[in-house]
Amino acid sequence: MAEIRKSEGFMDWLDQRLAVKAFMRVMMTEYWIPKNINFLWAMGVVLVVLFGVLLVTGLLLLMYYKPDINLAFDSVNYTIMQEVEYGWLWRHMHGVAASATFLIIYVHLFTGIYYGSYKKGREMIWITGMVLFIAFSAEAFSGYMLPWGQMSYWAAQVITNLFSGIPVIGDDVVIWIRGDYVVADATLTRFFMLHVVLLPLVIILVIAVHFYSLRFPHVNNQDSAEFDFEIESNKFLEGRKKESKVVPFWPVFLSKDFFVVGFFMTFFFFLACYQFDFAMDPINFEPANSMKTPAHIYPEWYFLWNYEVLRGFFFDIGGIAAMNIGLVAFVIANIVFMILPFLDRNPMNTAPAHKRPIFKYWFWLLVCDMIVLTVYGKLPPTGMNAWVGFVAAVIFLGLFIALPFITKHEAKGDEQ
Amino acid sequence: MKEIKILAIVLFFTAVTYWGVEPYAHSQMHPHVAPADFSFKDMEPLHVNGNIDNGKALVEANCIACHSIKSLGLQAPMSFEEAASAYGVVPPDLSHAGVIYDKNYLAGFLKDPVGATKLSHKFSDAKPYAMPSFAFLSEQEIADVVAYLGNIVATKASNKMVFEEACGRCHSMKYDGLKAQTPTLSIQNYLGAVAPDVSMMIRSKKAEYLNTFINEPLKMVEGIAMPRVGLTEASQEQVIAYMESVGDRKKAERESLGLKLIGFMAIFTLIAYLWKVQIWKEVE
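Residues numbered from 1 in each chain as written. Chains lettered and ligands numbered in written order. Predicted model: local features only at pLDDT ≥ 70, side-chain atom pairs only at ≥ 80, totals over all residues. Heavy atoms only, no water.

The name recorded for chain B in an unreviewed UniProt entry is Cytochrome c1, from Sulfurospirillum diekertiae.

Where an unreviewed UniProt entry is consulted, chain A appears under the name Cytochrome bc complex cytochrome b subunit, with the organism given as Sulfurospirillum diekertiae. According to its UniProt record, chain A has this under Subcellular location (unreviewed entry): "Membrane". (UniProt positions renumbered as here; feature names shortened; annotations may be inferred.)

Below, the structure written as structure tokens:
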């Protein structure tokens with residue numbers, strides 16, 4: 001143990017016991033961030049803020065919510081929305097933050113793809129990020145069910161039923177997940193546990209790993225330029241701040257993040273108070289009714305692209321049932337982003353998309369295709385809609401099949 | 001500036017997605033129907049002026065055997081439970097019937113209740129509607145009844161009273177402590193469907209939808225058991241205002257707090273921007 005001397009003050013007392021000064025240096029004042037980045041790199045901090053909002057408002061809601069199918073709807077819509085002071089605000093903030101989190105995750109994800117931040121030693125950042133995406137998806141889905149509204153009930157019924165597609169044991173798995181033959185009280189109680197304990201713990205853990213994995217390959221930058229962080233940070237510490245290509249996380253980088261966060265949160269409160277419907281489906285203000293299906297069943301907007309890949313294959317092909325093709329495509333869509341670093345076969349080109357001859361078309365086609373999938377994922381799958389969904393789903397899979405070939409071809413071009 | 005361009009691209013794709021999954025999807029999933037019409041054109045208008053005194057005699061002879069008129073101190077002859085088991089549904093109190101329902105609708109309803117309520121798919125000779133037809137009365141007599149019912153209204157009904165008279169026989173509003181006058185099981189037997197609690201309807205269906213729906217339910221939902229009740233435009237506004245005051249009672253607080261929260265964050269953003277400019281001056 002280090003020798004403990006009489007402290008010169010509170011900070012010194014803490015420093016002798018917890019090394020807070022070294023910790024602050026490593027985590028904040030000498031954690032180097034490239035100077036050449038735009039506001040898209042602030043999305044990580046925006047997500048941290050949103051997660052904080054979800055955590056705090058979630059704890060407040062937890063004080064009044066009742067995980068019981070006879071009480072859940074009223075505990076949310078009467079107790080929280082009407083009786084608890086500002087309960088409506090906590091609920092709207094919670095619901096809107098959940099939706100906004102996915103919007104920012106998508107911006108964060110496409111930023112990573114555009115600037116090639118998933119490559120060259122940054123694979124672990126990418127993979128932990130995708131694990132976070134899946135964890136957040138599970139968290140959102142389990143939370144969506146808790147108010148026991150019409151759409152939450154039927155969405156739970158449909159989504160849990162997907163597991164019946166697993167060969168041989170599928171039907172038993174569905175019953176095991178639900179804890180009953182249909183979505184019922186047992187399902188609600190366990191989803192409650194998942195939503196408030198297990199999944200948040202997993203998310204917090206993976207966020208820590210995600211941040212940790214960022215420290216070694218460092219944050220990427222707008223030009224995907226390689227530079228020596230040690231040399232650049234020394235320049236900064238020597239006072240040649242303008243010359244250095246890096247800035248410390250605190251206060252320089254965060255001062256910009258605060259501005260971006262403020263800008264975003266202004267918009268956030270506009271949504272929470274005036275435009276909450278996009279995040280709170282009106283149908284969920286009707287209590288769950290197992291005897292009556294809603295006219296249209298669809299998930300929240302952030303799962304629509306995925307859902308459309310699932311139902312895009314609406315006819316049997318070569319003797320394989322449409323449902324099974326859809327399920328396979330759905331599973332692929334859920335994991336294909338995770339292996340993106342290994343599908344991109346161009347080892348040299350880490351340039352942003354606009355500097356890559358073919359990849360740029362691939363990128364924008366992917367963005368447009370996912371928007372088409374999202375929009376058609378909500379529309380009734382009849383007539384033309386079904387065909388648009390089918391074509392968009394095929395293009396989606398095709399893009400990922402084509403990626404290794406495209407990037408390999410691109411790599412040859414780079415060599416010449 | 002480059003960042004503005006990037007922001008514009010992000011906003012563009014976000015806006016396209018939003019448009020696709022909200023207004024566009026909504027327009028595709030909810031086919032357009034004609035807006036609410038309070039002229040009740042299908043009801044033959046009354047051509048004669050009613051006589052109040054004669055109307056009084058007719059009401060006393062024909063209506064109060066089943067209906068209460070509480071504003072005149074006339075109580076219903078049966079309790080809610082007894083009435084529900086006798087007729088299938090509790091007959092409405094008539095205290096404000098003369099003003100909350102359209103006059104032509106009332107006249108048409110007296111002549112042909114099933115036709116006026118548009119419930120011919122639910123009721124027939126085999127399964128009769130609780131309210132008998134008064135088509136045997138003359139045009140003049142019907143006008144007299146309508147005139148009398150309009151005349152007994154002493155004070156304007158509150159929003160809640162309109163709701164109770166027009167909707168409260170079948171629908172509960174449990175978040176305001178109102179229980180449907182007719183027991184749930186009786187309604188189910190009578191109409192073939194449970195009348196839902198409407199506490200949160202203002203948020204699940206929205207005022208705009210409710211306005212068209214209450215005016216003419218069948219236009220919105222095929223085969224529905226909900227009758228056309230014939231509310232005047234003003235009374236229907238009162239019903240919707242009451243539903244909003246129960247189901248969305250924090251609306252005013254939300255709208256005023258929203259401005260403060262947005263204002264607070266706008267000031268925060270401005271200060272953060274100035275701080276950022278000052279800090280980055282050293283490094284750029």
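A.B. asks: Tell me about the nonpolar core, residues and numbers included.
C.D. replies: For soluble globular proteins, nonpolar side chains are generally found buried alongside one another. Residues and elements named next belong to chain A. Ranked by size, the top nonpolar core spans 178 residues in total, and within it Ile-113, Phe-268, Phe-337, Trp-362, Leu-366 and Phe-396 carry the most contacts. At 15 residues, the largest contribution of residues to this core is made by helix 5 (residues 87–114). With near-sequence residues (within four places) excluded, Leu-366 lies in contact with Phe-110, Ile-113, Phe-337, Phe-396, Leu-399 and Phe-400. Tyr-65, Ile-80, Leu-146 and Phe-192 belong to the second largest nonpolar core, which has 18 residues in total. (Core = buried A, V, L, I, M, F, W, Y, C linked by side-chain atoms within 4.5 Å. Buried < 20%, exposed > 50% of the residue type's maximum accessible area, 1.4 Å probe, protein only. Helix = DSSP H or I, 4+ residues; strand = E, 2+ residues; numbered from the N terminus. Contact = heavy atoms within 4.5 Å.)

A.B. asks: How would you sum up the side chain of Ser233(A)? Please name residues and give values.
C.D. replies: All names here are of chain A. Mapped onto the secondary structure, Ser-233 falls in helix 10 (residues 229–237). A distance of 2.9 Å separates a polar side-chain atom of Ser-233 from the backbone oxygen of Glu-230. Contacts of Ser-233, omitting those with residues within four sequence positions, involve Trp-32 and Val-246. (Polar contact = N/O pair within 3.5 Å; in protein donor to acceptor, adjacent residues only side chain to side chain.)

A.B. asks: So what's going on with the interface of chain A and chain B? Residues and values would help.
C.D. replies: Facing the 61 residues of chain A at the interface are 52 residues of chain B. Across the chain A/chain B interface, buried area totals approximately 5300 Å², and carbon plus sulfur atoms make up 69% of it. At the boundary of chain A with chain B, the tally comes to six salt bridges. Note that Asp277(A) and Lys206(B) form a salt bridge whose closest N and O atoms lie 2.5 Å from each other. Linking chain A with chain B are 24 residue pairs in polar contact (both at pLDDT 80 or more). Top element by residues in the side of chain A that touches chain B is helix 11 (residues 249–274) of chain A. It accounts for 16 residues. Partitioned by chemical class, the residues of the side of chain A that touches chain B number 42 nonpolar, 11 polar and eight charged. (Buried area = accessible area lost by both parts, 1.4 Å probe. Salt bridge = Lys/Arg side-chain N within 4 Å of Asp/Glu carboxyl O. Nonpolar A, V, L, I, M, F, W, Y, C, P; charged D, E, K, R; others polar.)

A.B. asks: Pulling in residues and values, what's your account of the domain arrangement of chain A?
C.D. replies: What the domain assignment reports for chain A is domain 1 (1–27), domain 2 (31–297) and domain 3 (304–415). Each of domain 1 of chain A and domain 3 of chain A has a C-alpha centre, and the two are 52 Å apart. (Domains from an automatic or database assignment.)

A.B. asks: Go over the domain arrangement of chain B, please, and point to the residues and values.
C.D. replies: On domain assignment, one finds that chain B holds domain 1 (1–32), domain 2 (52–248) and domain 3 (253–283). Computed over C-alpha atoms only, the centres of domain 1 of chain B and domain 3 of chain B are separated by 25 Å.

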